[in-house]
Amino acid sequence: MVGILVGAYLLLLLVLNFGPSRRMLVGEITDFLARKLQTEVHIGDVQVGLFNRLIVSDVWVKDQQGKMLLEAGRVTAKIELRSLLKDQLSLRTVSLLDAHVGLYRKKADAPYNFQFVVDAFASKTPQEKSKLDLRINSIILRRVSVDHDLLYVGRKVGQFDLAHLSVSDINANVSLKSLTDDRIRLRVRSFAFRERSGLQLDNLCFKLDADRKGAAIDDFEFVMPHSRLEQSNLTATYDATKGWNNVIPTLKVRGALNGARVCTEDFRPFVRLPKGFELTANVSSSFLVVPNKVRFWDFTMMVNGREMALKADATLLRNEKGIFDVTTRVEELRLSDGFLTRNVPFF
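Predicted model only: the values in this text are computed from it and were never measured. (Residues numbered from 1 in each chain as written. Predicted model: local features only at pLDDT ≥ 70, side-chain atom pairs only at ≥ 80, totals over all residues. Heavy atoms only, no water.)

**Student:** Whenever I open this one, a positive patch on the surface confuses me. Can you help?
**Tutor:** Among the surface-exposed residues, Lys 252, Arg 254, Lys 293 and Arg 295 lie close enough to one another that they form a single positively charged patch. Elements with a minimum of two residues in the positive patch: strand E12 (252-263) and strand E14 (293-303). For Lys 293, the position within the fold is in strand E14. Among the residues examined, Lys 293 registers a relative accessible area of 31% and is labelled partly exposed. (Patch = residues over 30% accessible without salt bridge, like charges linked within 9 Å, V, L, I, M, F, W, Y side chains within 5 Å. Areas by Shrake-Rupley, 256 points an atom, 1.4 Å probe, with all protein chains shown as cover. Salt bridge = Lys/Arg side-chain N within 4 Å of Asp/Glu carboxyl O. Lys, Arg positive; Asp, Glu negative; His and termini not counted. Charge placed at Lys NZ, Arg CZ, Asp CG, Glu CD. Helix = DSSP H or I, 4+ residues; strand = E, 2+ residues; numbered from the N terminus. Buried < 20%, exposed > 50% of the residue type's maximum accessible area, 1.4 Å probe, protein only.)

Here it is as structure tokens:
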């Protein structure tokens, strides 16, 4: 019996991957998407692989203004068929390779150019909301780029600009262990990118386990060309049982930095700094964040080796308008002559 099922499965794969069958499959999928989205869609090839793997090559989709929304050299997905019979949908692998995504909005009150895709696949009839339960073992991005433009906003030359982003060399490996209406379990094994302004992220990785009452982040690592931040454990509590919009008003975060290295060179895309001005600081501190207060204690900072040393505690009070009071207790502050000579002229 098993042999018959295996034989039938292999025969089905052979038929689906036979030249005429593949061309017909490509045509059917392309026509369906073009009709559904009411736009131009192109698919170069479709392959059905072993173990329920679908490989789609040479894909592009235009938006309804005729501009390119998505181009991809290859898109793959592998589904666990058994999950179709269960409450949880499980995908083993989803990958996007050699892709470019172009996002823009013409006016502040206009939708994004991808909104028609969301609308096309949204349910047209009222129905009972289904419970979300999704698992994707591996999400892989390789050589992906994204452009984002708010066409009604002016550009900031030479600075990081959220309204006009151009992100390239996006490479990521993410595991979505579980996603439901009440909980997310996520592991980012690697994430890296470059941005037109000069911003560069060499690696980001962490584990996240969050529900409606709290979150824990473990094994956090954030690496830039000259800066590095590691956090073994970060915990947060909040009350989102009545809605996720209640997170910020009830948020409480506690953690500690141990030997974080921060270099001004990595943050030039955000802050205009004088040419030649460069500081590297090693920072350690415990901290607590609540809605109306941020507190640091056992704060130590060493700048450019030992040219500057600071030990202090600080408390920042804030309201809806921002920080309105800062209280500090400085235990030690040392500045070398070399530090003052090199850096005071910049100010």
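Read on for the rest.
**Student:** What is the right way to look at the packing of aromatic side chains in this model?
**Tutor:** The geometry of an aromatic ring pair is captured by the separation of the ring centres together with the interplanar angle, meaning the angle of the planes. Applying the stated criterion to the full structure yields 5 aromatic pairs. Here Phe 160 and Phe 270 contribute two aromatic rings whose centre-to-centre distance is 5.0 Å and whose plane-to-plane angle is 45°, an arrangement assigned as tilted. In this pair, Phe 160 is assigned in the loop between strand E5 (133-150) and strand E6 (164-180) and Phe 270 in the loop between E12 and strand E13 (280-290), connecting sequence segments 110 residues apart. Residue class for Phe 270 comes out partly exposed when judged on its relative accessible area of 40%. (Phe/Tyr/Trp six-rings, centres within 6.5 Å; stacked < 30°, edge-to-face > 60°.)

**Student:** Where do I start with the side chain of Asn 203 in this structure?
**Tutor:** For Asn 203, the position within the fold is in strand E9 (residues 203-211). Within polar-contact distance, the side chain of Asn 203 engages the backbone nitrogen of Phe 191 at 3.4 Å. There is a polar contact of 3.4 Å between the side chain of Asn 203 and the side chain of Glu 221. Those residues in contact with Asn 203, other than ones at most four positions away along the chain, are Arg 189, Ser 190, Phe 191, Glu 221, Phe 222 and Val 223. (Polar contact = N/O pair within 3.5 Å; in protein donor to acceptor, adjacent residues only side chain to side chain. Contact = heavy atoms within 4.5 Å.)

**Student:** Looking at this structure, I do not really get the side chain of Arg 212. What am I missing?
**Tutor:** Topologically, Arg 212 is positioned in the loop between E9 and strand E10 (214-223). Only 3.1 Å separates the side chain of Arg 212 from the backbone oxygen of Asp 181, close enough to count as a polar contact. Reaching out from Arg 212, the side chain makes a polar contact with the side chain of Asp 182 at a distance of 2.6 Å. Once residues within four sequence positions are removed from consideration, Arg 212 is found in contact with Asp 181, Asp 182, Tyr 238, Asp 239, Ala 240, Thr 241, Gly 243 and Trp 244.

**Student:** What is the right way to look at the pattern of salt bridges in this model?
**Tutor:** Two side chains that carry opposite charge are able to pair once their charged atoms sit near each other. Within this structure, the stated rule accounts for 13 salt bridges. Of the charged contacts, one joins Arg 212 and Asp 182 as a salt bridge, the two residues approaching to 2.6 Å between their closest N and O atoms. A residue pair is termed long-range when its members are at least 10 positions apart, and Arg 212 in the loop between E9 and E10 and Asp 182 in the loop between E6 and strand E7 (183-195) qualify at 30 residues. One salt-bridge network, in which partners are shared between bridges, spans Glu 221, Arg 228 and Glu 230.

**Student:** Honestly, the nonpolar core in this entry has me stumped. Any pointers?
**Tutor:** Nonpolar side chains in soluble globular proteins generally cluster together in the buried interior. Leu 186, Phe 193, Phe 206, Leu 208 and Tyr 238 are the most contacted members of the largest nonpolar core, which totals 27 residues. Taken together, the elements giving at least two residues each to this core come down to strand E4 (89-105), E5, E6, E7 and E9. In this structure Leu 208 touches Ile 184, Arg 185, Leu 186, Ala 215, Ala 216 and Ile 217, once residues within four positions along its chain are discounted. Of all hydrophobic cores here, the second largest spans 11 residues; its members include Phe 299, Met 301, Met 308 and Ala 312. (Core = buried A, V, L, I, M, F, W, Y, C linked by side-chain atoms within 4.5 Å.)

**Student:** Is there a simple way to think about the pairing of strand E16 (residues 322-335) in this case?
**Tutor:** In regular strands, side chains alternate between the two faces of the sheet. Pairing between strand E15 (residues 308-319) and E16: 12 bridges, direction antiparallel. In the sheet register, Met 308 faces E16, and the bridge partner there is Leu 335. Remark: 2 residues form the turn of the hairpin made by E15 and E16, two consecutive strands paired antiparallel. (Pairing = 2+ DSSP bridges.)

**Student:** How do you make sense of a nonpolar patch on the surface when you look at a structure like this?
**Tutor:** A contiguous nonpolar patch, built from Val 262, Phe 267, Phe 270 and Val 271 and spanning about 310 Å² of accessible area, is present on the exposed surface. Inspection of the secondary structure puts Phe 267 in the loop between E12 and E13. Overall, the relative accessible area of 31% leaves Phe 267 in the partly exposed class.

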